[in-house]
Amino acid sequence: MTRLIDLPTLAQLVHDITPARFMTELAEHLQSDYLRWPDFDKTARVASHSAGGVIELMPVADSAFYSFKYVNGHPGNPNRATGSLPTVMAFGVLSEVATGYPLLVSELTLTTALRTAATSAMAARALARPGARRMALIGNGAQSEFQALAFHALLGVDELRVFDIDPAATAKLQRNLATVPGLRVVPAASVAEAVRGADIVTTITADKANATILTPEMIEPGMHLNAVGGDCPGKTELHADVLRGARIFVEYEPQTRIEGDIQQLPADHPVTELWGVLSGQAAGRQSAQEVTVFDSVGFALEDYSALRYVHQLATARHLGTEVELVPTDGDPKDLFGRTRGDRQRVALRRVA
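Quick caveat, the model's predicted, so the values are computed rather than measured.

Visitor: For the packing of aromatic side chains, give the residues involved together with the corresponding values.
Guide: Scanning the model with the defined rule gives eight aromatic pairs in all. On the numbers, 6.2 Å between centres and 55 degrees between planes, the contact of Trp37 with Tyr252 is tilted. Highlighted residues: Trp37 in the loop between helix 2 (19-34) and strand 2 (46-49) and Tyr252 in the loop between strand 14 (247-250) and helix 8 (253-259), separated in sequence by 215 residues. Measuring from centroid to centroid gives 5.6 Å for Trp37 and Phe299, while their planes differ by 40 degrees, and the two rings are tilted. Taken together, the positions of Trp37 in the loop between helix 2 and strand 2 and Phe299 in the loop between strand 16 (292-295) and helix 10 (300-317) put the pair 262 residues apart, joining distant regions of the chain. Residues Trp37 and Phe299 agree in their burial class; the two are buried. Counting every residue linked through ring pairs, the aromatic cluster contains Tyr34, Trp37, Tyr252, Trp275 and Phe299.

Visitor: How would you explain the side chain of Arg285 if you had to name every residue and give the values?
Guide: Mapped onto the elements, Arg285 comes out in the loop between helix 9 (274-279) and strand 16. Nearest to the buried, unbridged Arg285 among oppositely charged side chains is Glu290, at 5.3 Å. Of the polar contacts made by the side chain of Arg285, one reaches the backbone oxygen of Met223; its length is 3.4 Å. At a separation of 3.1 Å, a polar atom in the side chain of Arg285 contacts the side chain of Thr292. Discounting chain neighbours no more than four positions away, the residues touching Arg285 are Leu127, Ala128, Arg129, Gly222, Met223, His224, Arg247, Phe249, Glu290 and Thr292.

About the criteria used
Residues numbered from 1 in each chain as written. Predicted model: local features only at pLDDT ≥ 70, side-chain atom pairs only at ≥ 80, totals over all residues. Heavy atoms only, no water. Phe/Tyr/Trp six-rings, centres within 6.5 Å; stacked < 30°, edge-to-face > 60°. Helix = DSSP H or I, 4+ residues; strand = E, 2+ residues; numbered from the N terminus. Buried < 20%, exposed > 50% of the residue type's maximum accessible area, 1.4 Å probe, protein only. Lys, Arg positive; Asp, Glu negative; His and termini not counted. Salt bridge = Lys/Arg side-chain N within 4 Å of Asp/Glu carboxyl O. Polar contact = N/O pair within 3.5 Å; in protein donor to acceptor, adjacent residues only side chain to side chain. Contact = heavy atoms within 4.5 Å.

In structure tokens:
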């Protein structure tokens, strides 16, 4: 049987073990899978773009498991008349490579937010200056609390300066983080005010446009920039000169060249894939004064890690619903027999 994890089940699981612990343990799964980078069959995601957004499939596999995620990005959804649809919605599948059998079908809307934040913090542990404790968070929408909690849990960030063009989003963020021990949240009046004096700057804006959220005069020596919002062609957050003045790190270069902030740069501009830094095969930050950029667009390996982790938790805790998604009994060559009704199928089982 295939295990089905719906949104209420995943949300309750995260509540029970806490978002901070979920992202901390997920970061361990992410790091272990990134260290096996050569083991994976990798490809850039398959995207279908429209005027209002994008719908994508994100596949990846190793010798044991195959996974894919269906995900959209429609920035106008929250502003529609009903206001009920989020910008990002997703689900995913984890299957056995040996048989092709689907082990897990899971929601990935909430899980994507968790894995994106866990990936950001994992990368920052390798790239930010040691002792980084102050972070600016530009864009206070659906992803913002997860980023804040991940950096607080994994790096010890204790001061968060936040800005969004929508004051209601910032107020929401403050409410949700008000009871987090040891985390001070300070609203700012502008992007420039938020980033002043920050060790880490995270940009997670949703507008599908070539924006320049961060400009060169805002950048201070030693900053680590966690650029998350630029994740499809025509959507950027960093001024090109910010990129030219920094060392750039990416997940999967062929995909990031198309979708990331580096789409603004020549195709031969040097970048370093994160797995190389994590494995010790490539240099990370080289001085306390160097500016580093993690140009994060989200890669399928991160969803693989998340699905593997969710499957592990759900199996151990007996969570979810077992569904007969594919036939696993009777004559495997008699698929047509399934059309003759449950009573006939039961009879066939009894004879067998």
